[in-house]
Structures are given as structure tokens and as C-alpha cells.
Amino acid sequence: VQLQASGGGLVQAGGSLRLSCAASGSIFSSYVLGWFRQAPGKEREFVAAISWSGGSTYYADSVKGRFTISRDNARNTVYLQMNSLKAEDTAVYYCAADLVITTAQAIIPYEYDYWGQGTQVTVSS
């Protein structure tokens, strides 16, 4: 599967952005999808994940209550709605996909086989 992330940009603290990740090349609805982010000088970290059906979602504690992950299998797209953005949310955001992944694995970057190219999110304070 090929992934293409978009929707990043510059926003003031307290603002909102919606990231999209469009997929092609395989049966999108079969994949677990995740969002990760990487700030300069830091390791890539888990943000959110969603099960193949969309019935289960998982979030990092740092974004819980502010970010929402969703998917539209008819459009082969996964979204990350980001509200109440903080300066510490500044990072390159990546979408990822994998066919066989457990809940425990969903938060680990190297468990995902497919990655998008990343989109920059910059939050000014």
C-alpha cells in the first residue's frame, strides 16, 4: 500500500488542523492505521491508531482529548483531527499502515510495514 499524507501547516497555539492520509495499491480496509510524529532531535513517537473497522482507537496520553483519529474506508483515507494545538505538538507527522498488528504493537513504529512521506505541523506560541 502507498500512503500520502497532507494537511500540515503553520497554526497558532490553540488552533486546529486536520491531517489526511490517502492510501492506494491494496485493500485499505484491511489495514490498521497509525499516526506518528517526530520532532527535531527526538525519536519518532506514537500519536494515534485505529483498527481496520474503525471500531477501536488508541491515543498517546499527550494528545488524548485533543486529537481524534478516524478513517473512511470508502475513500481510502485516514484522518487526524488536531484541536487545542500546543507548541509541543510541532513535528513532522507520518501515517503508517500494517495488516497484522496487535493493540500492543500499534504504538511501536517499527511494527508498521508501510509509511507515508510525512507532513510538517508547526504550532507557534
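Scroll up to find the structure this text is about.
Residues numbered from 1 in each chain as written. Predicted model: local features only at pLDDT ≥ 70, side-chain atom pairs only at ≥ 80, totals over all residues. Heavy atoms only, no water.

**Q** I'm lost on the environment of Ala-39 in this one. Help?
**A** As for its position among the elements, Ala-39 is in the loop between β4 (32–38) and β5 (45–50). Distance in space between the C-alpha atoms of Ala-39 and Val-121 is 9.7 Å, their sequence separation being 82 residues. Here Ala-39 is in contact with Thr-90 and Ala-91, once residues within four sequence places are set aside. (Helix = DSSP H or I, 4+ residues; strand = E, 2+ residues; numbered from the N terminus. Contact = heavy atoms within 4.5 Å.)

**Q** Can you walk me through the nonpolar core in this structure?
**A** Note on soluble globular proteins: their nonpolar side chains tend to be buried together. One finds Trp-35, Val-47, Phe-67, Leu-80, Met-82, Tyr-93 and Tyr-112 to be the most contacted residues of the largest nonpolar core, which totals 38 residues. Put simply, the parts of the chain that give this core at least two residues each are β1 (2–6), β3 (17–24), β4, β5, β7 (67–72), β8 (77–82), β9 (91–98) and β11 (119–124). (Core = buried A, V, L, I, M, F, W, Y, C linked by side-chain atoms within 4.5 Å. Buried < 20%, exposed > 50% of the residue type's maximum accessible area, 1.4 Å probe, protein only.)

**Q** Whenever I open this one, the sheet that holds β7 confuses me. Can you help?
**A** Through backbone hydrogen bonds, the strands of a sheet pair up, either in parallel or in antiparallel fashion. In spatial order, the strands read β1-β3-β8-β7; together these four strands make up an open sheet with antiparallel pairing. The sheet terminates laterally at β1 and β7, the two strands that pair on one side only. Strand-to-strand twist in this sheet, taken as the mean axis angle between neighbours without regard to direction, amounts to 15 degrees. Relative to β8, β3 runs antiparallel, the two sharing six bridges. Residue pairing for β8: Ala-22 is matched across the bridge by Thr-77. (Pairing = 2+ DSSP bridges. Axes fitted to C-alpha atoms, helices over the stretch in contact; angles between N-to-C directions.)

**Q** Looking at this structure, how should I read the environment of Ser-24?
**A** Tracing the chain through its elements places Ser-24 in strand β3. In sequence terms Ser-24 and Ile-108 are 84 residues apart; their C-alpha atoms lie 23 Å from each other. With residues near it in sequence (within four places) discarded, Ser-24 still touches Val-1 and Gln-2.

**Q** Just to check I follow, could you spell out unusual backbone geometry for this structure?
**A** Apart from glycine, the bulk of residues carry a negative phi angle, and the bulk of peptide bonds sit in the trans form. Positive phi outside glycine occurs at Asn-76, with the angle close to 55 degrees. Structurally, Asn-76 can be placed in the loop between β7 and β8. Phi angles above zero are rare outside glycine, and Ser-84 is one such case at about 50 degrees. By secondary structure assignment, the location of Ser-84 is in the loop between β8 and β9.

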